[in-house]
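# Observations on chain architecture
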Amino acid sequence: MNNKVYFTPGPSELYPTVPQHMQEAMAQKIGTISHRSKQFQEIYAGAESGLRKLLQLPDEYEVFFVASATEVWERAIQNNVQRESFHLVNGSFSKRFYETAKELGREAQLHEVPFGQGFDVESINVPETAELVALIQNETSSGACLPVEDINRFREKASDDALIYVDAVSSLPYPAFDYTLVDSVYFSVQKCFGLPAGLGVWLVNDRCMAKARALQESGLSIGSYHTLPTLLEKALVSQTVETPNVLNIYLLGKVLEDMNRKGVATIRQETEAKAAQIYTFLEQSTVFSPAVENPKHRSKTTIVANTSIPASEVNSHLAKYDLQVGSGYGKYKDSQIRIANFPAHSMEQVERLLEKLRELEN
Ligand SMILES: *Cc1c(COP(=O)(O)O)cnc(C)c1O
C-alpha cells in the first residue's frame, strides 16, 4: 500500500474521488466498451460539457481529445502555421514548443528570458509575420507564470490574423482566461485535473479551424489522423478518429462533475489560499526561498523554491511522513524543489507538508 501524498508537479496526486470512479469504471467495464458505441458517445459528451461548464468556454470553441500536450505542439504547428511562429520562452516546456516548430521546418522566432523569470510584456514586439503566437501561462520547469491580464494584451500586439496559443498545462482550471482574446488553450490531465497521464485536451476556436482548412486547401500537408478538420468531424458525433483513452475520458468526465459541484470559483479561491500559505512559509524560511523573484510572476499552481539542502535530502526527510515534492528541473535538480498546488491537494495536506519542511530548519 502506498500512502504517500505527491506534491510532484505532474504526474501528481490524484483527485480524491478518482479511486471511487475507477472502481465504478471497472464495474461498468469501461475499458472494454467500443469507441463507436452510444455509451462512449455519452461519456465523450459528458466530459466535453463538463469542461465547457467549468471553463465557461464560449460556443465558438471546439474541445478535442488528443494524446498529450506534447502532441498539441506538433499538431498546432502542422495545422496553423505555414511559415512562421513566435514563442515566448522562459524554461524547458516553452523551449520545447519552439524547437518543435523548427523540427517541422517552420521559421520559429523567439523572445527568451532567463530561467525563473517572467516576461515584461510591455517590451515585447510580436513580429508582424508571426502566424501563431505561443504563450506559456505557467512554465512548470521554473515556476514562472504569465498573468492573464498580460496574456490579454497580445491580441493587440499581434497581427489580426495571428493565432494566440496558450499553454495552460499545469495551471488550468486556475486561470480565468478571456477566451475571446486568445484562440487556443491546451492542457494534459495529469497535472491540475488529478488524473493518470495519457490524455491531452486541445481547445480551439473557429479562427484556428479556418486557418487549418485554408492551409489544407492550399495543398499543404496538415498531418494525417489528427488534423483539425478530422478531429472536428468526429467530435461533432462525440467520437474520436482513433481508439482513444476511453477510461481517462470517463474519469475526466467524472472529476469534472465533482469540480463543477464544488464550483470553479471555490477551486480558484482554495488555490490562492494554499499558494499564500506556501509562499509565506518560503519567504520566512532559512532553508528555502521563492525561486521566482517578482511576486507577480510567481506561479500559484507549481511553486518553485531554491533550497540550501539538496532536494534529494529534502525528499528523504519527507518520505518518513509519506510526503514527496518534485525535485528541481534539469540542472536545478538538487538546488530547487517544486511544490504542486493542484485542486487535488487539500489545505490540510499543504499544512502538513509545510510543518515537515519546517523541521529541516535549525
Ligand atoms: C507537462 C507539461 C507539458 C507536456 O505535457 P505532456 O502531457 O507530457 O505532453 C507541456 N507544457 C507544460 C507547461 C507542462 O507542464
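Nothing here was measured: the structure is a model prediction, and the numbers come from that model. Note on numbering: residues in each chain are counted from 1, in written sequence order. Given that this is a predicted model, residues contribute local features only at a pLDDT of at least 70 and side-chain atom pairs are listed and counted only at 80 or more, while totals for whole chains, interfaces and linings are drawn from all residues. The side-chain values count all of the structure's non-hydrogen atoms but skip hydrogen atoms and water molecules.

The subject of this paragraph is the pairing of strand β13 (residues 323–327). Pairing between strands is defined by DSSP: at least two bridges between the two strands are required. Put simply, DSSP H or I for four residues or longer makes a helix, DSSP E for two residues or longer makes a strand, and each gets a number counted from the N terminus. Bridge count for strand β1 (residues 5–7) against β13 is three bridges, and the pairing is parallel. Bridge pairing in β13 places Phe-7 opposite Val-325. Sheet topology note: the β13/strand β14 (residues 336–340) ladder contains two bridges and is antiparallel. Paired with Ser-327 across the bridge in β14 is Ile-337.

The next subject is the packing of helix α3 (residues 69–80) against helix α4 (residues 92–103). Orientation is described by axes fitted as lines to C-alpha atoms, over the contacting stretch for helices, and by angles from 0 to 180 degrees between their N-to-C directions. With their axes 9 Å apart at the nearest point, α3 and α4 run at an angle of 40° to one another. Judged by the angle between their axes, α3 and α4 are oblique. Relative to α4, α3 is oriented so that their crossing is right-handed. Residue-level inspection shows Trp-73, Glu-74, Ala-76 and Ile-77 of α3 in contact with α4, the latter providing Phe-93, Arg-96, Phe-97, Thr-100 and Ala-101. Nonpolar residues are Ala, Val, Leu, Ile, Met, Phe, Trp, Tyr, Cys and Pro. Charged residues are Asp, Glu, Lys and Arg, and all others, Gly as well, are polar. Residue classes in the contact of α3 with α4 are distributed as six nonpolar, one polar and two charged. Working definition: roughly parallel below 35 degrees, roughly antiparallel above 145 degrees, roughly perpendicular at 65 to 115 degrees, and oblique for all remaining angles. Each helix crossing is assigned a hand: it is left-handed if the near helix lies turned anticlockwise from the far helix by less than a right angle, otherwise right-handed if that turn is clockwise. In this description, contact between two residues means that some pair of their heavy atoms is separated by no more than 4.5 Å.

Between 30 and 60 degrees the pair is tilted, below 30 it is stacked and above 60 it is edge-to-face, where a pair is any two Phe, Tyr or Trp rings, Trp via its six-membered ring, whose centres lie within 6.5 Å. If you walk through the whole model with that rule in mind, you get 10 aromatic pairs. Between Tyr-61 and Tyr-179 the ring centres are 5.5 Å apart and the planes differ by 80°, which places this aromatic pair in the edge-to-face class. In this pair, Tyr-61 is assigned in strand β2 (residues 61–66) and Tyr-179 in the loop between β8 (163–167) and β9 (184–188), connecting sequence segments 118 residues apart. Judged by relative accessible area, which is 0%, Tyr-61 ranks as buried. Three exposure classes are used, based on accessible area relative to the maximum for each residue type with a 1.4 Å probe and protein chains only: buried under 20%, partly exposed in between, and exposed over 50%. On the basis of relative accessibility, which here comes to 4%, the residue Tyr-179 falls in the buried class. Taking the centre distance of 4.4 Å and the plane angle of 5° together, the rings of Phe-115 and Tyr-332 count as stacked. In this pair, Phe-115 sits in the loop between β4 (107–112) and β5 (132–136) while Tyr-332 sits in the loop between β13 and β14, placing the two residues 217 residues apart along the sequence. Note on Phe-115: relative accessible area 26%, which makes it partly exposed. Grouping aromatic residues by their ring pairs yields a cluster made of Phe-40, Tyr-44 and Phe-65. Geometrically, a lysine NZ or arginine CZ counts as sitting over a ring once it is within 6 Å of the ring centre and also within 35 degrees of the ring normal. When the ring centre of Phe-93 is taken as reference, the NZ or CZ atom of Lys-191 above it lies at 5.1 Å. Over the ring of Tyr-321 we find Lys-356, and its NZ or CZ is 4.2 Å from the ring centre.

As recorded in UniProt, the feature "domain: Aminotransferase class V" (unreviewed entry) lies at residues 7–328. Annotated as 39% helix and 18% strand, the span residues 7–328 places its first and last C-alpha atoms 13 Å apart. UniProt positions are given in the numbering used here, feature names are shortened, and annotations may be inferred rather than shown by experiment.

Let us now look at the site of the ligand. For this purpose, a residue is taken to be near a molecule or strand whenever a single non-hydrogen atom of the residue falls within 4 Å of it. Residues in contact with the ligand amount to 14 residues; listed here are only the nearest, Thr-70, Thr-140, Asp-167, Ser-188 and Lys-191. In protein, a polar contact requires one atom able to donate a hydrogen and another able to accept it; more generally it is a pair of N or O atoms within 3.5 Å, and residues adjacent in sequence count only if both atoms are side-chain atoms. Between the ligand and the protein, one listed contact pairs an oxygen atom with a side-chain N or O atom of Thr-140 at 2.4 Å. Asp-167 places a polar side-chain atom, nitrogen or oxygen, 2.8 Å from a nitrogen atom of the ligand. Of all the elements, α3 adds the most residues to the shell around the ligand, at three residues.

Glancing now at the side chain of Thr-8. For Thr-8, the location among the structural elements is in the loop between β1 and α1 (18–27). Reaching out from Thr-8, the side chain makes a polar contact with the backbone oxygen of Pro-11 at a distance of 2.9 Å. Apart from residues lying up to four places away in sequence, Thr-8 is in contact with Gln-324, Val-325, Gly-326, Ala-340 and Phe-342.

All right, on to the environment of Ala-144 then. With respect to the helices, strands and loops of the structure, Ala-144 is situated in strand β7 (residues 144–145). Note on Ala-144: relative accessible area 1%, which makes it buried. Every residue in contact with Ala-144, bar those within four places of it in the chain, is listed here: Asn-90, Gly-116, Gln-117, Gly-118, Gln-137, Asn-138, Glu-139, Val-292 and His-297.

Another point: the pattern of salt bridges. We count a salt bridge whenever a side-chain nitrogen from Lys or Arg sits within 4 Å of a carboxyl oxygen from Asp or Glu. Enumeration over the complete set of coordinates arrives at 19 salt bridges. Its salt-bridge partner being Glu-122, residue Arg-153 comes within 2.6 Å of it at the nearest N-O pair. With a gap of 31 residues between them, Arg-153 in the loop between α5 (148–151) and α6 (154–157) and Glu-122 in the loop between β4 and β5 connect regions that are remote in the sequence. Using a relative accessible area of 29% as the deciding quantity, one classes Arg-153 as partly exposed. The closest approach of N and O atoms between Lys-356 and Glu-359, which form a salt bridge, is 3.3 Å. Classification of Lys-356 by relative accessible area gives buried; the value is 9%. Under the relative-accessibility criterion, Glu-359 is labelled partly exposed at 34%. It is possible to trace a salt-bridge network through shared partners that takes in Lys-254, Glu-257, Asp-258 and Arg-261.

With that settled, consider the domain arrangement of the chain. When the domains of the chain are assigned, the result is domain 1 (5–13 + 263–361) and domain 2 (18–260). The domain limits used here are those given by an automatic or database domain assignment. One C-alpha centre belongs to domain 1, the other to domain 2, and the line joining them spans 26 Å. Counting residues at the interface gives 27 residues for domain 1, matched by 29 residues for domain 2. Of the roughly 2,300 Å² buried between domain 1 and domain 2 on both sides combined, carbon and sulfur atoms contribute 59%. When two parts are brought into contact, each loses some accessible area as probed by a 1.4 Å sphere; the total of that loss over both is the buried area. The largest per-residue losses of area from domain 1 upon contact with domain 2 belong to Arg-268, His-297 and Tyr-329, which jointly make up 25% of the total buried on that side. Counting across the domain 1 and domain 2 interface gives one salt bridge. The salt bridge partner of Lys-296 is Asp-150, with a shortest N-O separation of 3.3 Å.

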